Amino acid sequence: MPPVPNTRNLKELPKFRDGLSYLYVEHAFIEQEAQGIGVYDQHGLTLVPVAALGVLFLGPGTRITHAAVRALAGNGCTVAWVGEGFARFYAQGLGDTRSSRRLQLQAKAWADPALHLKVVFRLYQRRFQEPLPPDLTLEGVRGLEGVRVRAAYARWSRETGVPWQGRSYDRGNWAASDPVNRALSAGAAYLYGLAHAAIVSSGFSPALGFIHTGKLLSFVYDVADLYKTEVLVPAAFLTVAESDLEVERRVRQRLREQILEARLLERMVEDLLWLFSGLGLPEEEGEEDDPTRPGGLWDLEGEVEGGVAYGGADPGESS
């Protein structure tokens, strides 16, 4: 590789929450460097300490060596392959020390009807500025949500002068939709990619949805819907108001800029953690002191310690 003009040391990484840090890289080459990794791009070499890194997002034009992946996995860092600016989520690789605690918390809330309903109401409440009436039924909440979304479309149509005839999308005939509907659909796909990245990198499952069900990305739709009227709807109408040409590409660019400015990835993770907090489940009792210790063993009476030789095995053996 040719000499690089400068070397930077990446000491401050964007924070998800507490100790979970992330880095997004595109159009670069990544190699192992000492106890960390080095990112080579047009600006030179950036040294990244993997011990402080929770998630590495690899965008377009990125190459990474086996040694770098091994260093990341050995430090429990998740590696995710994504589209430009998180526009798509393609795949992930996990370090073996990552805890399944949050996934278990989500699964228990999903499987318990009473807790499931609490999470559903939290998801809906997050979309409204004012508290929902305590005696409101789920059907009533859906009705209010429909009114809220229609009002958002109408508002941005008035403010931008873009005609609005209602949401219309034909999977078999993309060109049949008007420009603003195409912008909304293209932007929604971008938002799904960001939500997918936030969910898996935080240790949750994209399949266990609460409002949406039956698809492997059901929870992605739940999370993305929290931000559609705030981020997607204005971006789509403003894009079409400027021009009705190439609206799909331009709305993705606008969303990328807005998402970076609003630090929406961090907000999504905060909202995910809030969503499952205070539900009275035992897994809420703090983070693991030692993430490298063996996992527990399932038992009818509750989890028992793993990494222990049960049944009188020879010293040094473990189960």
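Keep in mind it's a predicted model, so treat the numbers as computed, not measured. (Residues numbered from 1 in each chain as written. Predicted model: local features only at pLDDT ≥ 70, side-chain atom pairs only at ≥ 80, totals over all residues. Heavy atoms only, no water.)

Counting buried positions along strand 6 (residues 44-48) gives four out of five residues, so the element sits mostly inside the fold. Taking the residues between adjacent antiparallel strands as the criterion, strand 5 (residues 36-41) and strand 6 are bridged by two residues. (Buried < 20%, exposed > 50% of the residue type's maximum accessible area, 1.4 Å probe, protein only. Helix = DSSP H or I, 4+ residues; strand = E, 2+ residues; numbered from the N terminus. Pairing = 2+ DSSP bridges.)

On to the nonpolar core, then. Judged by nonpolar contacts, the single largest core of 65 residues is most densely connected at Phe 57, Phe 86, Phe 219, Met 268 and Phe 276. Here this core gets 13 residues from one element, more than from any other, and that element is helix 5 (residues 179-201). One finds Val 25, Ile 37, Leu 72 and Val 79 within the second-largest nonpolar core, a separate group that totals 15 residues. (Core = buried A, V, L, I, M, F, W, Y, C linked by side-chain atoms within 4.5 Å.)

Attention now moves to the packing of helix 2 (residues 101-111) against helix 3 (residues 113-125). At a closest axis distance of 5 Å, the pairing of helix 2 and helix 3 adopts a crossing angle of 105°. Comparing the axis directions of helix 2 and helix 3 gives the class roughly perpendicular. Residue-level contacts link Lys 108, Ala 109, Trp 110 and Ala 111 of helix 2 to Pro 113, Leu 115, His 116 and Val 119 of helix 3. Here the contact of helix 2 with helix 3 is composed, by residue class, of six nonpolar, one polar and one charged. (Axes fitted to C-alpha atoms, helices over the stretch in contact; angles between N-to-C directions. Parallel < 35°, antiparallel > 145°, perpendicular 65-115°, else oblique. Contact = heavy atoms within 4.5 Å. Nonpolar A, V, L, I, M, F, W, Y, C, P; charged D, E, K, R; others polar.)

With that settled, consider the pattern of salt bridges. Per the counting criterion, the structure on display carries 14 salt bridges. In this structure, the salt-bridge partner of Glu 145 is Arg 127, at a minimum N-O distance of 2.7 Å. With a gap of 18 residues between them, Glu 145 in helix 4 (residues 138-160) and Arg 127 in the loop between helix 3 and helix 4 connect regions that are remote in the sequence. Among the residues examined, Glu 145 registers a relative accessible area of 10% and is labelled buried. (Salt bridge = Lys/Arg side-chain N within 4 Å of Asp/Glu carboxyl O.)

Here the phi dihedral of Glu 246 falls at roughly 45°; this positive angle occurs in a residue that is not glycine. A residue is classified by how much of its surface remains accessible, and Glu 246, at 52% relative accessible area, is exposed. Phi angles above zero are rare outside glycine, and Arg 263 is one such case at about 50°. Mapped onto the fold, Arg 263 is located in the loop between helix 8 (247-262) and helix 9 (264-275).

Below, the discussion takes up the side chain of Arg 250. Looking at the element boundaries, Arg 250 is found in helix 8. Residue Arg 250 is classed as buried on the basis of its relative accessible area, which comes to 17%. With sequence-adjacent residues up to four places away left out, Arg 250 is seen in contact with Thr 239, Glu 242, Ser 243 and Leu 245.

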